[in-house]
Amino acid sequence: MSKGIIRYILLGLCLIIILQALTQPALAETTVLKKGMSGKAVESLQDNLRSLGFFNHECTGYFGDITQEAVIFFQKYNCLSADGIAGKETLSLISKFIEENTVMVLKKGMSGEKVLNLQKDLRTLRLFNQEPTGYFGSVTHESVVKFQKNHNLTPDGYVQPATYIKLQRVIKETVKKTKIVIDPGHGGVDPGTQKNGVVEKEVNLDISKKLQALMNSGNYDTVLTRKNDVSLDSLSNNGDTRERRDLSARVNIISENKPELFVSIHVNSNPWNPDLSGSIVYYNDKIPKSKALAVSIQNALNNIPGYAGIRAKNSIRTENFYILRNSSIPGILVETAFITNKQENKLLKQKDFREKISKAIMEGIDEHVASNN
Ligand SMILES: [Zn+2]
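Notes on the structure follow. Computed from a predicted model, the values in this text were never measured in an experiment. (Residues numbered from 1 in each chain as written. Predicted model: local features only at pLDDT ≥ 70, side-chain atom pairs only at ≥ 80, totals over all residues. Heavy atoms only, no water.)

**Focus on the coordination of the zinc ion**
- Summarising the metal site, the zinc ion is bound by the protein donors His186 (NE2), Glu200 (OE) and His266 (ND1), whose distances to it range over 2.1 to 2.2 Å.
- Every donor residue of the zinc ion comes from the same chain, spaced as H-x13-E-x65-H. Highlighted residues: His186 in the loop between strand S1 (178–184) and strand S2 (194–195) and Glu200 in helix H8 (residues 200–216), separated in sequence by 14 residues.
- The class of His186 is buried, set by a relative accessible area of 18%. (Donors = N, O, S within 2.8 Å, 3.2 Å for Na, K, Ca; no water. Helix = DSSP H or I, 4+ residues; strand = E, 2+ residues; numbered from the N terminus. Buried < 20%, exposed > 50% of the residue type's maximum accessible area, 1.4 Å probe, protein only.)

**Side note on the side chain of Ser236**
- You can see Ser236 is positioned in the loop between strand S4 (220–224) and helix H9 (242–257).
- According to the relative accessible area criterion, Ser236 is buried, its value standing at 6%.
- There is a polar contact of 2.6 Å between the side chain of Ser236 and the side chain of Ser248.
- For Ser236, the residues in contact, after removing those within four places along its chain, are Arg245, Ser248, Ala249 and Asn252. (Polar contact = N/O pair within 3.5 Å; in protein donor to acceptor, adjacent residues only side chain to side chain. Contact = heavy atoms within 4.5 Å.)

**Re the pairing of S4**
- Summarising burial for S4: four of the five residues are buried, a large majority.
- Across five bridges, the pairing between S1 and S4 is parallel. By the bridge assignment, Lys179 is partnered in S4 with Asp221. (Pairing = 2+ DSSP bridges.)

**Remarks on a negative patch on the surface**
- A cluster of acidic residues, Glu113, Glu363, Asp366 and Glu367, forms a negative patch at the surface.
- The element contributing the most residues to the negative patch is helix H13 (residues 351–372), with three residues.
- On the secondary structure map, Glu367 appears in helix H13.
- By relative accessible area, Glu367 is classed as partly exposed at 37%. (Patch = residues over 30% accessible without salt bridge, like charges linked within 9 Å, V, L, I, M, F, W, Y side chains within 5 Å. Areas by Shrake-Rupley, 256 points an atom, 1.4 Å probe, with all protein chains shown as cover. Salt bridge = Lys/Arg side-chain N within 4 Å of Asp/Glu carboxyl O. Lys, Arg positive; Asp, Glu negative; His and termini not counted. Charge placed at Lys NZ, Arg CZ, Asp CG, Glu CD.)

Printed below as a string of structure tokens:
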């Protein structure tokens, strides 16, 4: 082909690309894109993730494993709940970055939560051997350069998506996954506590599933004691009452799976004192690691931002609950909020609140696991 023809072809291609960019529909704010979906909106998501550096494949319009992973990396990088589902928050942040032509980079001189998480990741790989501060100084710079050199990346100390994605992959490949059992309390014939349309067994299952999604996108293997609205008493012969057999089955699932730790999720109730609010984490003081775990999770739950004056900050407590008393594995039982408190009853109905509870429990577990390694 002559140079002239090639020039025309290139010009044509450029025009097509520009026209496509101009006519691309903006993502509707209410759309939720997740694994298994396909269509124009997914293609547009892939295209945007590619522009931002989080997606290095062909934009097929199909939301499969690769797209899910790209969404998870984008969410993690930006300190969002990394559930791999592109919901309102994720999509609007992507749109904002695209509109503002934001360059995705963490570098020397910056500070904040993103830097803090980066330092934690570097610490996981033993490339950063001090307390994460959230400030990107010389030490962080040097450890990023070291990581980049180890993995044939340009050793500039800039954490752009390419370096970040490599970092996440290396962590995934090299760090042993921590196994966790998540126990959504009650289920089936046993609704747990209920008030004003809030049913404990449903809240417990929802929070547990959200927690599982978050943990599976991190360095954890998770097992749920129940995935549906069922009671577990038919799984055990141990106990005189249905309730005992149900609890005994949960203890069996925990011990059979040999996890590092377990968390049992519940909702609190105190009809005599509707002023009581906040989360309370219970543990068995005969198992030393359980107390440390309880402290981390309680701390994270007490510090969920935005609930000052609504949710009390409580302390951890010891309690003789069946599941704590009969498990030899470190674990806690968390009463996430009071169904009997007017404001918390409303909160328990909100997806956003349940998500924040899950995220806080995950952060508490993360902190505990990191300080034990
Ligand atoms: Zn309960």
